[in-house]
Amino acid sequence: MLNEILSIKNLAGEEIKKACNLKDIQDIRIKYLGKKGVLTGRMKSLGSISKEDRPEYGRTLNESKNFIEDLLNRQEEQFRSTELNQSIQTQRIDVTVPGCFVPFGHLHPVTQTLDEITAIFISLGFNVEEGPEIELDFYNFEALNMPRDHPARDMQDTFYINDDVVLRTHTSPVQVRVMEKNIPPLRVIAPGKVYRCDADVSHIPMFHQLEGFMVDKDIRMTDLKGMLELFVHSVFGIDTSLRFRPSFFPFTEPSAEIDISCVICKGTGCNVCKGTGWIEILGAGMINPRVLEMSGYDPDLYTGFAFGLGIERVAMLKYGIDDIRLFPENDKRFLEQF
Ligand code: FA5
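Because the structure is predicted, anything quoted here is derived from the model rather than measured. (Residues numbered from 1 in each chain as written. Predicted model: local features only at pLDDT ≥ 70, side-chain atom pairs only at ≥ 80, totals over all residues. Heavy atoms only, no water.)

Undergrad: I would appreciate a short explanation of the sheet that holds strand E3 (residues 160-162) in the present structure.
TA: Hydrogen bonding along the main chain pairs the strands of a sheet, whether they run parallel or antiparallel. Taken in spatial order, the three strands line up as E2-E4-E3 in an open sheet, and their pairing is antiparallel. Both outer strands of the open sheet, strand E2 (134-136) and E3, are each paired with one neighbouring strand and no more. When strand polarity is set aside, the average angle formed by the axes of neighbouring strands in this sheet is 30°. Relative to strand E4 (residues 165-167), E3 is paired through two bridges, and the arrangement is antiparallel. Paired with Tyr160 across the two strands is Val166, which belongs to E4. (Pairing = 2+ DSSP bridges. Helix = DSSP H or I, 4+ residues; strand = E, 2+ residues; numbered from the N terminus. Axes fitted to C-alpha atoms, helices over the stretch in contact; angles between N-to-C directions.)

The following block contains the structure:
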């Protein structure tokens, strides 16, 4: 019986030597050591061996099993490393092959313009604040000196959610929200999206504004003028002139609309400026004392200026675009030019 075990061991050894690949090794392992394997079967029948012969028979079985296992493992290891070397050889990466081109995206021209303007005001010491786009009628109108029946509400075609809630029509409500929670001095810009029921070549229903305001003791119209001059010269160049035109906003007094000399024709007159040489870019003024008072400030102690500009309008002038509706269309052929 011992001879039988030894011949099984030798036979397995022969087969392992002749194995050509990992699959052969796997088959031999199953044949001899698997659940129904030749050697496993002998081990199961150990109980039927006489007591005297059992120790030697058991030892021989174990040694043979260890021998076969060891041989299988070594051979398997060898096949694995050969396989690895072969795959390294055949799958070598050719670093000289040109890579796949991944096109780079970039920021939308309106975002680029907004970022540029924001950076200018940050460099002038302004803090950035934000307010909700779904706004209470109170902040959008009432606290800005436009009660429910005020005709000035008609200046902005409003999307109403219900009687008390609107999509904000401008960034000016952020003035009130900031003033409510802070005491002067304040130097704040509030960029963001605003909504109006409005659509033609120079108007879209969702656009961007940037509100700027400063409140402290002794803030004057000349401070507003200086800030805006600096801003316009930074964006459009030092040769650009500014013109303050009297206007009306219920939340500023006095109010002005600010024109710049046409950046296309340099003030000589073209179809962009409709032959006038001037283009309107923003509304501004000294914050109405009633607004200061409603926000909890003493208007005899504090004064402030505020301005609000349309970002798309600035981007149109900066890039020479004649139809504002191109911005929200998101046609890649248009966007790729910036
Ligand atoms: C206002 O919205 C005031 N809140 C601005 C202001 C702030 C005045 C602080 C005084 C003090 P106005 O309605 O003019 O003002 O809008 C400001 C700018 O938004 C306009 O000059 C224009 O550039 C832009 N704008 C207005 N409506 C649209 C629209 N539908 N599409 C694109 N841009 C618009």
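Undergrad: What is the right way to read the sheet that holds strand E6 (residues 206-216) from this model?
TA: The mixed open sheet is built from seven strands, whose spatial order is E1-E5-E6-E10-E9-E8-E7. What marks the edges here is a single partner per strand, and that holds for strand E1 (127-128) and strand E7 (242-249). One ladder, built from five bridges, connects strand E9 (residues 278-287) with strand E10 (residues 303-310); its direction is antiparallel. Pairing of Gly285 across the sheet is with Ala306, part of E10. Most of the contacts of helix H7 (residues 173-181) go to E6, to which it runs at about 40°, and overall it touches strand E5 (186-195), E6, E9 and E10. (Contact = heavy atoms within 4.5 Å.)

Undergrad: Just checking my understanding: could you explain the packing of helix H2 (residues 22-33) against helix H4 (residues 54-90) for this structure?
TA: Packed helix pairs are specified by the crossing angle of their axes together with the interaxial distance, meaning the distance between the axes. Contact geometry for H2 and H4: axes closest at 9 Å, N-to-C directions at 165°. Judged by the inter-axis angle, H2 sits roughly antiparallel to H4. When the axes of H2 and H4 are compared, the crossing they make is left-handed. Seen from H2, the contacting residues are Leu22, Ile25, Ile28, Arg29 and Leu33; seen from H4, they are Lys65, Ile68, Glu69, Leu72, Asn73, Gln75, Glu76, Phe79, Arg80 and Glu83. (Parallel < 35°, antiparallel > 145°, perpendicular 65-115°, else oblique. Left-handed = near helix turned anticlockwise from the far one by under 90°.)

Undergrad: Sorry, what's going on with the pairing of E5 here?
TA: Regular strands show a simple pattern: their side chains alternate between the two faces of the sheet. Among the 10 residues that make up E5, eight are buried, leaving the element largely enclosed by the rest of the structure. Pairing of E1 with E5, which is carried by two bridges, proceeds in the parallel orientation. The residue bridging Asn127 from the neighbouring strand is Val188, located in E5. Judged from the 10 bridges that link them, E5 and E6 form a sheet pairing that is antiparallel. Following the sheet pairing, Ala190 is matched in E6 by Glu211. (Buried < 20%, exposed > 50% of the residue type's maximum accessible area, 1.4 Å probe, protein only.)

Undergrad: Is there a simple way to explain the site of the ligand in this structure?
TA: Near the ligand, the surroundings consist of 25 residues, among which His170, Ser172, Arg196, Ile204 and Gln209 are the closest. At a separation of 2.9 Å, a nitrogen atom of the ligand approaches a polar side-chain atom of Ser172. Within the backbone of Ile204, an N or O atom sits 3.0 Å from a nitrogen atom of the ligand. Burial of the ligand by the protein chains amounts to 95% of its free accessible area of 680 Å². For the shell around the ligand, the secondary-structure elements that each account for two or more residues are E6, E9 and E10. Considering only residue class, the shell around the ligand consists of nine nonpolar, 11 polar and five charged. (Near = heavy atom within 4 Å. Polar contact = N/O pair within 3.5 Å; in protein donor to acceptor, adjacent residues only side chain to side chain. Areas by Shrake-Rupley, 256 points an atom, 1.4 Å probe, with all protein chains shown as cover. Nonpolar A, V, L, I, M, F, W, Y, C, P; charged D, E, K, R; others polar.)

Undergrad: How should unusual backbone geometry be read in this particular structure?
TA: Most peptide bonds are trans, and most residues other than glycine sit at a negative phi. In this structure, Pro185 follows Pro184 across a cis peptide bond, with omega equal to 10°. Following the sequence through the fold, Pro185 ends up in the loop between H7 and E5. Following Glu253, the chain continues into Pro254 via a peptide bond in cis, with omega recorded as 0°. For Pro254, the location among the structural elements is in strand E8 (residues 252-261). If you check the backbone angles, Asp218 has positive phi at about 65° while not being a glycine. Here Asp218 lies in the loop between E6 and helix H8 (221-236). The phi torsion at Lys266 lies on the positive side, around 60°, for a residue other than glycine. Take Lys266: it is sitting in the loop between E8 and E9.

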